[in-house]
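Topology and contacts: notes
Residues per chain are reported as follows:
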Amino acid sequence: MRQKPITTINEQLCTGCESCVKICPSDTLSIRDGIATVTGEESMHCAQCVAVCPVNAISLEGIGVPRPKTIEPKTRAALLSEIMMSRRSCRAYVDTPVERAVIEDLVTLGSWAPSGTNSQMWTFTIVPDRESMLALAEKTAGFYRRLNKMARSPVKRGFSRLFMKDVLGNYYREYHDSVELALDEWAKTGRERLFHGAVAGILVATRQGVSCPVEDALMASQNIVLAAQAMGLGTCLVGFVVEAMARDRSIGAMLGIPTEETVHAVIAVGHPDVKYVRPSGRKKVTPRYFQTMTSK
Ligand SMILES: Cc1cc2nc3c(=O)[nH]c(=O)nc-3n(C[C@H](O)[C@H](O)[C@H](O)COP(=O)(O)O)c2cc1C
C-alpha cells in the first residue's frame, strides 16, 4: 500500500552510505547534499531503510519492533521468532547462483505446510537461474506493457466502468504510472524491478478441485520464505507476476505449467546484496478478545 512518507532521518548520524536508497521499494529516499533525504511522495511504510541503516539514523513514526514477550532466549521458539522477525522482502541480490539442491530443499520444506483436508494438491515450478528469471520477467513486462496501453484508453476504461466493475480504471489510478516508470527504467538503464536480480524463483500453484487453494499455496510459500531466511537466502513474493499469470495464460505455458493449475505465489530467491542489521517495520497490533461471561 502506498501512503505518505512518515520517515525521519537523523542528519547528524546519516553518513550518506545509500543503503536505504538501494533497498527502498517506493523511491521514497534519495541522497541530497550527501545525506539520505525524503524526496518521494509515497512510502510503503516497510521500514526496510531502518533495517539496513548501519548507523541507526532512520525511524518511521508509529512503526516499531513488536516482540513476543513470553519467549525465553536461546530456546527453539526464540530462534524461530528471530528468523520470522529478520525475514524481509529482498529487493537486491548478487549474481551468485543458488544450487538446485538447495531450491529443491526449500520446495520439500514448503510441502510440510498444512493444507485443507490434507489435499497437498500443490505444485512447485522452479526457475533455476537468472537467465530463466529474466525470460519470465520479460514475458511479464510484455503483459504490463499491453495492460498499460489498454488502461490509457478512456474508451476502454469507460467500458470497464460499465461492465467490469472499473477494474481497468482502478488499475489506471493505482498502478499505471509506477508500472510505466519501472518499464521505462528497465528499458533505459537495465534495472529490472520485478525480481531485482534474483537468480532463481519458485512458483507455487494448486491443481483443480482443492478446498482451500490460496491458503494451501500461501502456507507452503511461508514455509519456503522462512526456510530460505534460515539458510541466509533472500526471498520476495512477487504478486505482479501472479496477477499477470492469471490474466495471460501464455506465461504459464512458457513455464510448462498445465492450464488446470493456478499459480498463487511467485517467490524470487537469491543471495541478498544487502545486510539487514536490525529487525524493523511493524505496526503494533492490539488483539481483540472474545470471552463468554462465564469463562475464566
Ligand atoms: C501476496 C504478496 C504479494 C507481494 N507482491 C510483491 C511484488 O509484486 N513486488 C514486491 O516488490 N514486493 C511484493 N510483496 C512484498 C511486500 O511488499 C512486503 O511483504 C511488505 O512490504 C512487507 O515487507 P517485508 O516483507 O520486508 O516485511 C508481496 C507480498 C505479498 C505477501
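What counts and what doesn't
Residue numbers restart at each chain and count upward from 1, following the sequence in its written direction. Owing to the predicted nature of the model, reporting of local features is limited to residues with pLDDT of at least 70; listing and counting of side-chain atom pairs is limited to 80 or more, with chain, interface and lining totals taken over all residues. Excluding hydrogens and water, the side-chain values take into account all heavy atoms of the structure. Each helix is a run of DSSP H or I of at least 4 residues and each strand a run of E of at least 2, with the numbering of both proceeding from the N terminus. Polar contacts, as counted here, are pairs of nitrogen or oxygen atoms within 3.5 Å of one another; within protein the pair requires one atom able to donate a hydrogen and one able to accept it, and residues that are adjacent in sequence qualify only if both atoms are side-chain atoms. The contact criterion used throughout is that any non-hydrogen atoms of two residues lie within 4.5 Å. Salt bridge, as used here: a side-chain nitrogen of Lys or Arg that lies within 4 Å of a carboxyl oxygen of Asp or Glu. Burial status follows relative accessibility: with a 1.4 Å probe on protein chains alone, a residue under 20% of its type maximum counts as buried, one over 50% as exposed, and anything between as partly exposed. Domain start and end points were adopted from an automatic or database domain assignment. Using a 1 Å grid laid over the protein atoms alone, points where a 1.4 Å probe fits but cannot get out form a cavity; open sets with protein on both sides within 12 Å along at least 5 of 7 lines form a pocket; any residue with an atom within 4 Å of a point counts as lining. Grid points are joined across faces, edges and corners, and a volume is the space filled by probe spheres set on the points. In this classification, Asp, Glu, Lys and Arg are treated as charged, Ala, Val, Leu, Ile, Met, Phe, Trp, Tyr, Cys and Pro as nonpolar, and every other residue, Gly included, as polar. Throughout, near means a residue has at least one heavy atom within 4 Å of the molecule or strand. Areas reported as accessible are Shrake-Rupley estimates using a 1.4 Å probe. Residue values count occlusion only from the protein chains shown. We call a set of buried residues a nonpolar core when its members are Ala, Val, Leu, Ile, Met, Phe, Trp, Tyr or Cys and they connect through side-chain atoms within 4.5 Å of each other. Helix axes are fitted to C-alpha atoms over the stretch in contact, other axes to C-alpha atoms as well, and angles between N-to-C directions run from 0 to 180 degrees. These descriptions rest on fixed angle ranges, namely under 35 degrees for roughly parallel, over 145 for roughly antiparallel, 65 to 115 for roughly perpendicular, and the rest for oblique. Crossing handedness follows the turn of the near helix against the far one: under a right angle anticlockwise gives a left-handed crossing, and clockwise gives a right-handed one.

Mapped onto the fold, S43 is located in the loop between β3 (35-38) and α2 (48-52). A distance of 2.9 Å separates a polar atom in the side chain of S43 from the backbone nitrogen of H45. S43 has contacts with M1, R2, Q3, K4, P5, S26 and T28, leaving out every residue within four places of it along the chain.

Side-chain pairs of opposite charge can arise where the charged atoms are in close proximity. Counted by the stated rule, this structure contains 9 salt bridges. Note that R173 is salt-bridged to D166, the shortest N-O span being 2.7 Å. Residue E243 pairs with R247 through a salt bridge whose shortest N-O separation is 2.5 Å. Of this pair, E243 and R247 both sit in helix α9 (residues 239-247), 4 residues apart, which is roughly one turn of that helix. The exposure class of E243 is partly exposed, given its relative accessible area of 36%. On the basis of relative accessible area, R247 is assigned to the exposed category, the value being 53%. Residues joined in a network through salt bridges with shared partners are D27, E185, R191 and R193.

When its domains are assigned, the chain resolves into domain 1 (7-63) and domain 2 (100-270). Placing a centre on the C-alpha atoms of domain 1 and another on those of domain 2 gives a separation of 28 Å.

Right, let's get into the layout of surface pockets. For the second largest pocket, the calculated volume is near 450 Å³. For the second largest pocket, the lining is made up of 19 residues, of which V65, P66, R67, M85 and R282 are closest to its centre. When residues of the lining of the second largest pocket are traced back to their parent elements, those giving at least two are α3 (76-86), α8 (213-230) and β10 (282-283). Split into classes, the residues belonging to the lining of the second largest pocket amount to 8 nonpolar, 4 polar and 7 charged.

The subject of this paragraph is the site of the ligand. Around the ligand, the structure places 13 residues, and the nearest of them are R88, S89, R91, G239 and R282. In the model, an oxygen atom of the ligand is placed 2.7 Å from a nitrogen or oxygen of the R91 side chain. Look at the ligand: alone it shows 620 Å² of surface, and the protein chains cover 67% of it. Elements with a minimum of two residues in the shell around the ligand: β8 (234-237) and α9. Split by residue class, the shell around the ligand holds 6 nonpolar, 3 polar and 4 charged. Looking at which domains feed residues into the shell around the ligand, each of domain 1 (7-63) and domain 2 (100-270) supplies at least three.

What follows deals with the nonpolar core. Within the largest apolar cluster, 36 residues are counted, with the highest numbers of intra-cluster contacts made by Y144, F195, L203, V241, M245 and V266. Those elements that place two or more of their residues in this core are α5 (130-152), α7 (167-189), β7 (200-206), α9 and β9 (262-270). Of the residues forming this core, the biggest block, 8 residues, is contributed by α5. Ignoring sequence-local partners within four residues, the contact set of V241 consists of L136, T140, L194, F195 and V266. In terms of nonpolar packing, the next biggest core, distinct from the first, is built from 20 residues, L106, V204, A220 and A265 among them.

Let us look at the packing of helix α4 (residues 100-110) against α8. Interhelical geometry of α4 versus α8 gives an angle of 135° and a closest axis separation of 8 Å. In terms of axis orientation, α4 runs oblique to α8. As α4 packs across α8, the resulting crossing turns out to be right-handed. Residues L106, L109 and G110 of α4 form the contact with α8, whose participating residues are A220, N223, I224, A227 and A228. Among the residues forming the contact of α4 with α8, the class breakdown is 6 nonpolar, 2 polar and no charged.

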